[in-house]
Amino acid sequence: MKTIGIIGPGLIGGSMAIDLRKRGYASKVLGVEKESLNASAALQMGIIDESVSLEECARRSDIVIIAVPVSAACTILPRVLNIFACQPERKQIVMDTCSTKGGIVLAAAGHPMCRRFVASHPMAGTEYSGPWAAQPSLFDGRACIIANPQESDADAVKEVENLYDHLNMRVIEMDAAAHDVHTAYVSHISHVTSFALALTVLDKEKDEKHIFDLASGGFASTVRLAKSNADMWVPILKENRQNVLQVIDTYINKMQQFRDAICDNDADAIRALIEEGNKIKRIIR
């Protein structure tokens, strides 16, 4: 039973806190939240036991989980490691949950306590944010990436794997750069296209007031990610800029192929594109 510090007890951090306590991993959860309303909500909902400063959280916690946007995480991580350096005998661990890994790994590089950091990314979430979005069992059966495990102490990696085991996640080890390429394809482009579709429909809705009355479940599921918080996604898209641009270019090329086939009224070409896309069923059921 450990004292867990959650820097950012929102959707991801809060959901982790709920299950780690319920499943016997955490005896106490300390929370760091700069917004007083969010901190109060996390306390009242029982997600955290105490709302504390970042310094107190890093000093008292056995494991610190940084669950904030990557731009903030890259600034916070060295501060946590500095505090660890004042009490190295405690063998504390800090981990992150960021959707990109290149920048956060670089933020720890060269620090005397860098091997107490484990870079990770639990591949789970919803379009909602804040402590109100936290929910039990969010991570069950999902994949979790541990990036560049060779750069962390073996005991720290083992303990983070144990933590994710309590969340019923399957751990995959991966190079940080490879992770950022893969997430650009399977996650980041999905959000960009959802934002773009939402903007397209909102433009049309200005003239046709009933367009949303006709929206079906398919539209709702496709545009669902457009509800995601800009404070989270602006840093992700900036951090993973080169990979995301490459994926967008590929996506635009595929859209152009569809446009050309439809413009030419070429049923065979349209069918070929759809059937090629159907092959995704081999991967996603």
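For the structure given in this document, a descriptive report is provided here. Quick caveat: nothing in here was measured; it's all calculated off a predicted structure. (Residues numbered from 1 in each chain as written. Predicted model: local features only at pLDDT ≥ 70, side-chain atom pairs only at ≥ 80, totals over all residues. Heavy atoms only, no water.)

## Let's talk about the side chain of Asp 153
- Relative to the helices and strands, Asp 153 resides in the loop between strand 7 (143–147) and helix 6 (154–166).
- Beyond its immediate stretch of four places on either side in the chain, Asp 153 contacts Arg 115 and Arg 116. (Helix = DSSP H or I, 4+ residues; strand = E, 2+ residues; numbered from the N terminus. Contact = heavy atoms within 4.5 Å.)

## Quick word on the environment of Leu 37
- Positionally, Leu 37 belongs in helix 2 (residues 36–44).
- Remark: the alpha-carbon pair of Leu 37 and Pro 131, spanning 94 residues in sequence, is separated by 9.8 Å.

## Digging into the packing of helix 10 (residues 241–263) against helix 11 (residues 267–277)
- Helix 11 packs onto helix 10 with a crossing angle of 150° between their chain directions and a minimal axis gap of 8 Å. The orientation of helix 10 relative to helix 11 falls into the category roughly antiparallel. The two elements helix 10 and helix 11 meet at a crossing, and its hand is left-handed. Seen from helix 10, the contacting residues are Gln 257, Phe 258, Ala 261 and Ile 262; seen from helix 11, they are Ala 269, Ile 270, Leu 273 and Ile 274. (Axes fitted to C-alpha atoms, helices over the stretch in contact; angles between N-to-C directions. Parallel < 35°, antiparallel > 145°, perpendicular 65-115°, else oblique. Left-handed = near helix turned anticlockwise from the far one by under 90°.)

## Comments concerning the layout of surface pockets
- As a volume, the second largest pocket reaches approximately 150 Å³.
- Lining the second largest pocket are Ile 189, Val 192, Thr 193, Ala 196, Leu 197, Thr 200, Ile 248, Tyr 251, Ile 252 and Met 255.
- Those elements that provide at least two residues to the lining of the second largest pocket are helix 7 (176–205) and helix 10.
- If one sorts the elements of the lining of the second largest pocket by residue count, helix 7 sits on top with 6 residues.
- Of the residues contributing to the lining of the second largest pocket, the split by class is 8 nonpolar, 2 polar and no charged. (1 Å grid on protein atoms, 1.4 Å probe; cavity = no way out; pocket = protein on both sides within 12 Å on 5 of 7 lines; lining within 4 Å. Points joined across faces, edges and corners; volume = space filled by probe spheres on them. Nonpolar A, V, L, I, M, F, W, Y, C, P; charged D, E, K, R; others polar.)

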